[in-house]
Amino acid sequence: MADNRRGSPTIGIQGYESRVAALYICRYHNLQAIKAVFRTLRPLFTLCFALFVSSLLAQVPYGPVKPTPTGEILSNLKKLNVVGSVLYIAAHPDDENTLLLAYMAKDRLVRTGYLSLTRGDGGQNLIGPEQGEYIGLIRTQELLAARRVDGPEQFFSRAYDFGFSKSTDEAVRTWGQNQVLADVVWRIRTFQPDVIITRFPPDARAGHGHHSASGYLAEEAFKIANDPTKFPEQLAYTKPWQPKRVMWNVFIPSAFMSNKKPDEAGNLVGIETGLFNSLLGKSYGEVAAESRSQHKSQGFGVAANRGARIDYLLTKNGDPMQQDPFDGVDVTWKRIKNSEAVQTQVNQLIAQFKPERPAASVPALVQLHRAINQLDTTNINVRAKRQEVEGLIQQCLGLWFESNPTDYAVAAGERIRLNTTVVGRTSDVPVRLISVRYPAIGRDSTLNLDLKANEVVPLPATLAIPANQPISQPYWLEKPLVKGLFQVSDQRLIGLPENPAALTTQFTFSIAGQTFTFTRPWVYKSVDPVDGEIYRPFVVQPEVMTNVAEKVYVFADNAPKTVETVVKAGRAGVSGTLALSAPAGWQISPAQASFDLKEKGQEQRLLFTVTPSGKASDVKLQAVATTSAGQFSRGVRLVEYKHIPTQTNFPTSDAKLVRLDVKTTAKQIGYIMGAGDEVPIALRQMGCTVTMLGQTELDKDLSRFDAIVVGVRAYNTEDYLKSYQPKLMQYVQNGGTMIVQYVTAGGGGVVANGLKVNQMGPFPFTVSRDRITEEDAPVTFLNPQHPLLNKPNKITDADFADWIQERGIYFAVDFDKAYEPIFSMADTGEAAKNGSLIYAKYGKGHYMYTGLVFFRELPAGVPGAYRLLANMLSVGK
């Protein structure tokens, strides 16, 4: 299980352990034909585009809208005078230069966006066992938390982070170049940035194939975003757009955080970003550090930089700069036709703002809102400024309103109690609550209540959720991943960080004589005795959910296994049957089992016996529940950590069945958990008894264990290992077997201060950043007669078939001659690396360090990974 000191991931159904139409424009090749279509459909296009832009700008934020300090209100007022925008593009969460983003959003006050091509799904996880789409969910929320600190909007493409890549070609080939390029073009067309900044160059200097691909795709998209013949299907919702220039935010790898001017030929301009903002009471370096420290799953907490900092920008295409990234771009109201009166009103607002009485600015803000409404509201800048004014009206009034269901989840057709609250903060400006409306429910209430200062207005209601309300599945996870790309059918959703809120409340107010309607999502709120108020996304769930206990069931022989499933009620009074199915050759008994769940949230465990096929194979086991409402084939999995809102996924309810020839002579295994992984579950599937070794268990006699396995990154994360390292080495010397899985390398390519011990093994070795990213890279057996390759299982090339994502990471180098390397492997075009698995005899025992990614392969049910690990465990038996 994950270490509860770092968080509390809830995997699977609660109580388990961590078991763990739309207009479509054809692809005309004739530009004149396209122009003719546009002329004919211009009125409809204009309407669709205006509505789409409105929906983008009206994205409802998660959680409570926090009160805004008056310094920030004044900063937001000043932002009304800036009509410019910038889009920053990189590959992953945590790639972004948070200092430059904070500077753009909070000093230059331009509309700022960050497009991360991926959600970081292939990254490592320092806080728990989540991998794949689940670490992607965590990192998405960490990015959103970072943006709440430094100010920009957050976007993604459909690209899946498939792990470390060594070339641009591999990255775009895996994702599908046209698809991800289309996503970048889509974001340029919908965000309409004046300038684009990339984090990485489109070449090997980027240090990662995804990084260089982000630079390459950004530069390619810059060239074609204004061409209506490129991805014309997008033009049903948006229009071509040409930014002024695309620039690379140049860095020097050997002096990443220095102010040293890069040695780059071309149009290079430096800008001071490490400034102090007196309205915020912080420097942008301090804001950037707080933002970057949101990436907790990556261990990216950083100290604030409070000194001067120069960021350098190199023009890659478009008009050259003179001395500023916005040279040649009019970032004032002059770019908007007939906006002279608006400019005058904004200036007056700023000059007359009273920090001690922000509500005094509301009448002028209402007048400004009227004036903006007289402009071209199909213009994205006009709509953005109108939304900013609406936000400022709420900020200056301190107006509070939200809707909180009494439960965090509901099934379609169920009734839910909703507590809506409105609080007026001031009597300086007349505010009347005209009505509240629940658009998804089709119900509204006319109230016409004059709000009094600091009077809480409760508006409870019991509402019926529509019977056809879809479940709250993250939109990019609704369909199976295809190679390196999430499948999203609705063009309008592509790139959004989260699903638009499906269940909302619309609050209509009369403020200083003008009507405004503001929207809030339904958000569950609870009170924790330690943390206080906690907000959690409100979700619509299936009426019944089924989880198979394990992801993978490994059958080493023809003996049957018991498969446990848990059925959970999404509403009260659910009954029916559950059936498991598998391909021919596999036998399941009973054919079905009944369940009867009286209460919402109630769980029932059902047991099935699965008998494997007589021959080696791996197949899918599917669980389907049948009730009077139909069939349900989804489970539920929660991801819960204190630093992010709880994430809910409803994956298909299935497991992998693997029949393989594997023998294990080691039966008693001790496991020291590190950052979190699911290897102990796999060990149990192999027939081993696993004891989790914390400090209490390590104080006991270790000789009872046939082998001790150290989890991923344990020597990076567990302070107590320093005290127990001598005892562990004595265990090996006395005849034990110890396997250490990868640790991360420190700066300069070797572990420096990142380890909790000076030496992990009985003899010295160094951990490098060497890795093999090609999961099908050929593997050479350096000593085919070595016991690790022969007993109790004969390891062959076939055991390295069907590996996922990569072969290994953080290989050993410069190891003592007492160690013997077992394998040699190489990525295409690179020198062979021998440090994926090193073995040493020490005293009577055996010690191994491995960078092979067992933590990925075992949960994926890769047969060869089980067989090789079985040999490693059994080497001393």
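Residues numbered from 1 in each chain as written. Predicted model: local features only at pLDDT ≥ 70, side-chain atom pairs only at ≥ 80, totals over all residues. Heavy atoms only, no water.

Describing the overall build of the chain
Step number 1: Along the chain, the regular secondary structure elements total 17 helices and 43 strands.
Step number 2: Relative to the compact-globule value of 29 Å for 877 residues, the chain shows a C-alpha radius of gyration of 29 Å, a close match.
Step number 3: Dimensions of the chain, computed from the C-alpha atoms along their principal axes, are close to 85 × 70 × 60 Å.
Step number 4: Within the chain, buried positions represent 57% of all 877 residues.
Step number 5: Element-wise, carbon and sulfur atoms account for 49% of the exposed surface of the chain, whose accessible area totals about 34800 Å². (Helix = DSSP H or I, 4+ residues; strand = E, 2+ residues; numbered from the N terminus. Rg over C-alpha atoms; globule rule 2.2 N^0.38 Å. Buried < 20%, exposed > 50% of the residue type's maximum accessible area, 1.4 Å probe, protein only. Areas by Shrake-Rupley, 256 points an atom, 1.4 Å probe, with all protein chains shown as cover.)

Digging into the confidence of the model for the chain
Step number 1: On average, residues of the chain score 91 in pLDDT, and 91% of them reach the 70 mark or higher.
Step number 2: Scored below 50 in pLDDT, residues 1–60 makes 122 contacts in the model with residues more than four places away or belonging to other chains.
Step number 3: For the stretch residues 747–753, pLDDT sits under 50, and the model shows 13 contacts to residues farther than four places along the chain or on other chains. (pLDDT = per-residue confidence, 0-100. Contact = heavy atoms within 4.5 Å.)

Description of the sheet that holds strand β34 (residues 689–692)
Step number 1: Across the sheet, seven strands lie side by side as β34-β33-β35-β36-β43-β42-β40; this open sheet has mixed pairing. Since the sheet does not close on itself, it has two edges, and those belong to β34 and β40 (820–821), each with one partner.
Step number 2: As paired strands, strand β33 (residues 668–672) and strand β35 (residues 707–710) are joined by four bridges and run parallel to one another. Bridged to G670 within β35 is I708.
Step number 3: Where helix α15 (residues 721–733) meets the sheet, it contacts β33, β35, β36 (737–741), β42 (837–842) and β43 (845–850), and its direction lies at approximately 130 degrees from that of β43.
Step number 4: Contacting β33, β35, β36, β42 and β43, helix α17 (residues 863–874) runs over the sheet at an angle of about 135 degrees to β36. (Pairing = 2+ DSSP bridges. Axes fitted to C-alpha atoms, helices over the stretch in contact; angles between N-to-C directions.)

Quick notes on the sheet that holds strand β27 (residues 603–611)
Sheet strands pair via backbone hydrogen bonds, and the direction of the pair is either parallel or antiparallel.
Step number 1: Spatially, β21-β23-β27-β25 is the arrangement adopted by the four strands of the open sheet, whose pairing is antiparallel. In this open sheet, the two edge strands, each paired with only one partner strand, are β21 (544–548) and β25 (587–589). Averaged over all pairs of adjacent strands, the angle between strand axes in this sheet comes to 30 degrees, irrespective of strand direction.
Step number 2: Sheet topology places β21 next to strand β23 (residues 561–569); five bridges connect them, and they run antiparallel. When the bridges of β23 are listed, T546 appears paired with V567.

Digging into the pattern of salt bridges
Step number 1: Considering all chains together, one arrives at 41 salt bridges under this definition.
Step number 2: The partner of D618 in a salt bridge is K656, with the nearest N and O atoms 3.8 Å apart. Remark: K656 occurs in strand β32 (residues 654–659) and D618 occurs in strand β28 (residues 617–627); sequence separation between them is 38 residues.
Step number 3: Judged by its relative accessible area of 42%, D618 is partly exposed.
Step number 4: Between E806 and R856 there is a salt bridge whose closest N-O contact spans 2.7 Å. One end of the pair, E806, is in the loop between β38 (779–781) and β39 (812–813); the other, R856, is in helix α16 (residues 854–857), with 50 residues separating them in the sequence.
Step number 5: Overall, the relative accessible area of 4% leaves R856 in the buried class.
Step number 6: Among the ionic contacts, a cluster of salt bridges with common partners joins K166, D827, E830 and K833. (Salt bridge = Lys/Arg side-chain N within 4 Å of Asp/Glu carboxyl O.)

Quick notes on the packing of aromatic side chains
Pairs of aromatic rings are described using the distance from one ring centre to the other and the angle between the two planes.
Step number 1: Enumeration according to the criterion identifies 31 aromatic pairs in this entry.
Step number 2: Seen in terms of ring centroids, F765 and Y849 are 5.1 Å apart; in terms of plane orientation they differ by 40 degrees. Their pairing is tilted. Placement of the pair is F765 in the loop between β36 and β37 (766–767) and Y849 in strand β43, with a sequence separation of 84 residues.
Step number 3: Among the aromatic residues, those joined into a cluster by ring pairs are F763, F765, Y819, Y842, Y847 and Y849.
Step number 4: Above the ring of F191, the side-chain terminus of R111 is found at 4.4 Å from the ring centroid.
Step number 5: Taking the ring centre of F164 as reference, the NZ or CZ of R771 above it sits at 4.5 Å. (Phe/Tyr/Trp six-rings, centres within 6.5 Å; stacked < 30°, edge-to-face > 60°. Lys NZ or Arg CZ within 6 Å of the ring centre and 35° of its normal.)

A word on helix α8 (residues 284–292)
Step number 1: Looking at α8, one finds that the buried residues are Y284, G285, V287, A288, A289 and S291.
Step number 2: Along its buried surface, α8 packs onto α3 (98–106), α4 (133–150), β7 (276–277) and β8 (282–283).

Overview of the pairing of β35
Step number 1: Residues A707 and V709 point to one face of β35 and I708 and V710 to the other, with burial holding for every one of them.
Step number 2: As paired elements, β35 and β36 share four bridges and run parallel to each other. By the bridge assignment, V709 is partnered in β36 with I739.

Structural notes on helix α5 (residues 168–175)
Step number 1: Counting buried residues in α5 gives six out of eight residues, a clear majority hidden from the surface.
Step number 2: For α5, every residue scored as buried is listed here: T168, E170, A171, V172, T174 and W175.
Step number 3: Where the residues of α5 are buried, they touch α6 (177–191) and α7 (209–224).
Step number 4: Of the residues flanking the end of α5, it is G176, one or two places downstream, whose phi is positive at about 100 degrees.

With respect to the nonpolar core
Step number 1: Within the largest apolar cluster, 84 residues are counted, with the highest numbers of intra-cluster contacts made by Y715, M760, F823, Y849 and L873.
Step number 2: Looking at this core element by element, the count peaks at seven residues for α17.
Step number 3: Those residues in contact with F823, other than ones at most four positions away along the chain, are V779, T780, F781, L782, L789, F800, K833, N834, S836, L837, L852 and L868.
Step number 4: Counting residues in each nonpolar core, the second largest holds 51 residues, with V83, L368, V382 and C396 among its members. (Core = buried A, V, L, I, M, F, W, Y, C linked by side-chain atoms within 4.5 Å.)

Some points on unusual backbone geometry
Step number 1: Note that the residue after S589, namely P590, is joined by a cis bond; omega there is -5 degrees.
Step number 2: Tracing the sequence through the fold places P590 in the loop between β25 and β26 (593–597).
Step number 3: Here the bond from K791 into P792 is cis, since omega is -5 degrees, no more than 30 degrees from zero.
Step number 4: Among the structural elements, P792 can be located in the loop between β38 and β39.
Step number 5: The phi dihedral of L109 falls on the positive side, at around 60 degrees, and the residue is not glycine.
Step number 6: When you line up the elements, L109 lands in the loop between α3 and β2 (111–116).
Step number 7: Residue class for L109 comes out buried when judged on its relative accessible area of 10%.
Step number 8: Not every positive phi belongs to a glycine, and R713 is a case in point at roughly 65 degrees.
Step number 9: With respect to the helices and strands, R713 occurs in the loop between β35 and α14 (714–717).

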